[in-house]
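Residue strings, one per chain:
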Amino acid sequence: MNETNYFYGLLVGVFLLAGVVKGVTGMGLPTVAMGLLGGALSPVAAASMLFIPTFVTNAWQLLSGPSVGRIVRRLWPMMLAVVIATLGAAALLVRVDRDVSRAALGVALVVYAGYALLAPVLRVPARRERWLGPLVGAMSGVVTGATGVFVMPAVPYLQSLGLQRDELVQALGLAFTVSTISLTTGLVLHGAFGVQQLGLSALAVVPSLAGMWLGQVIRQRISARVFRACFLGFLLLLGLELVLRSWW
């Protein structure tokens, strides 16, 4: 009974915190949730729980603005590459040793947080999007399939396209939605996603939405730059902890 209560308490706390991060920054729910759950569960089990809360919050983010059609027309080659690569790479998350998957997730978090903290914002010329978008999508799909987290190199690439703020938020919503559906489909095809995970995933929706609401309130009261620095520092430490735990 105590273990069951601890597990549900962990589930609520993780998705509440992840929702807060997403409410403030517009992203980070699967990244934070995978990082925290990855310390207590296998990466496959953690990724399975992300489906419904990630899909609901990102679909909401995608559909909340006026540029859905334009964003989809611009990014569909990249999204197609994400789908194909994620479906193929999902076998890695299922078959690779748990410690190796946890270490890979930790490395992905460290790389993203380090890049976001230190690297300048790049600008990709429009003429290069035709070939660079699918390449970035394929690379991101492989990372997603191997770690359960859709971050690198897709997020920096989308930030480099010169999109307006609302368009960038919608583009991130589209990318996260597509990657979530693709990863879950890959887990289903490899027999790693069951009814139990679906039920737990549904339970995580409420704390996720509550966290998003709280995060939006916090966003109005603190500097976005300060919160971003704290968020990235948290991801950096979390990633290092996952890597070190996999070695010892």
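As the structure is a prediction and not an experimental result, all values here were calculated from the model. (Residues numbered from 1 in each chain as written. Predicted model: local features only at pLDDT ≥ 70, side-chain atom pairs only at ≥ 80, totals over all residues. Heavy atoms only, no water.)

**Student:** Just checking my understanding: could you explain the packing of aromatic side chains for this structure?
**Tutor:** The description of an aromatic ring pair uses the distance of the two centres, along with the angle that the planes make with each other. Scanning all chains against the criterion turns up three aromatic pairs. Arranged with centres 5.7 Å apart and planes meeting at 70°, the rings of phenylalanine 7 and tyrosine 8 form a pair that is edge-to-face. Taking relative accessible area as the criterion, tyrosine 8 reaches 38% and is therefore assigned partly exposed. (Phe/Tyr/Trp six-rings, centres within 6.5 Å; stacked < 30°, edge-to-face > 60°. Buried < 20%, exposed > 50% of the residue type's maximum accessible area, 1.4 Å probe, protein only.)

**Student:** Help me understand helix α7 (residues 129-147), please; the structure alone is not making it clear to me.
**Tutor:** Because each turn of an α-helix spans 3.6 residues, side chains separated by three or four positions end up pointing in the same direction. The terminal C-alpha atoms of α7 lie 26 Å apart, and with 19 residues this matches the ideal 27 Å at 1.5 Å per residue to within 8%. Here α7 has its buried residues at Glu129, Leu132, Gly133, Val136, Gly137, Ser140, Gly141, Thr144, Gly145, Ala146 and Thr147. Residues of α7 that are buried in the fold lie against α2 (29-37), α5 (68-95), α6 (98-118), α8 (154-159) and α9 (165-189). Just past α7, the residue glycine 148 takes up positive phi, approximately 85°. (Helix = DSSP H or I, 4+ residues; strand = E, 2+ residues; numbered from the N terminus. Expected span 1.5 Å × (residues − 1). Contact = heavy atoms within 4.5 Å.)

**Student:** Mind showing me how you'd approach the pattern of salt bridges here?
**Tutor:** Counting across every chain of the model gives two salt bridges. As a salt-bridge pair, arginine 70 and glutamate 167 come within 2.9 Å of each other at their nearest N and O atoms. Pair noted here: arginine 70 is in helix α5 and glutamate 167 is in helix α9, with a separation of 97 residues, a long-range link. Look at glutamate 167 and you get buried, because its relative accessible area is 16%. (Salt bridge = Lys/Arg side-chain N within 4 Å of Asp/Glu carboxyl O.)

**Student:** Before we go on, may I ask you to explain the environment of proline 120 in this structure?
**Tutor:** In this structure, proline 120 sits in the loop between α6 and α7. A C-alpha to C-alpha distance of 10.0 Å links proline 120 and serine 160, two positions 40 residues apart in sequence.

**Student:** Can you help me understand the side chain of threonine 184 in this one?
**Tutor:** Tracing the backbone through its elements, the reader meets threonine 184 in helix α9. Ignoring any residue separated from it by four or fewer positions in sequence, one finds threonine 184 in contact with Phe51 and Phe193.

**Student:** Would you take a moment to explain α6 for this structure?
**Tutor:** With 21 residues, α6 extends 30 Å from end C-alpha to end C-alpha; this agrees with the ideal 30 Å at 1.5 Å per step. Regarding α6, the residues found buried are Ser101, Arg102, Ala103, Leu105, Gly106, Ala108, Leu109, Tyr112, Ala113 and Ala116.

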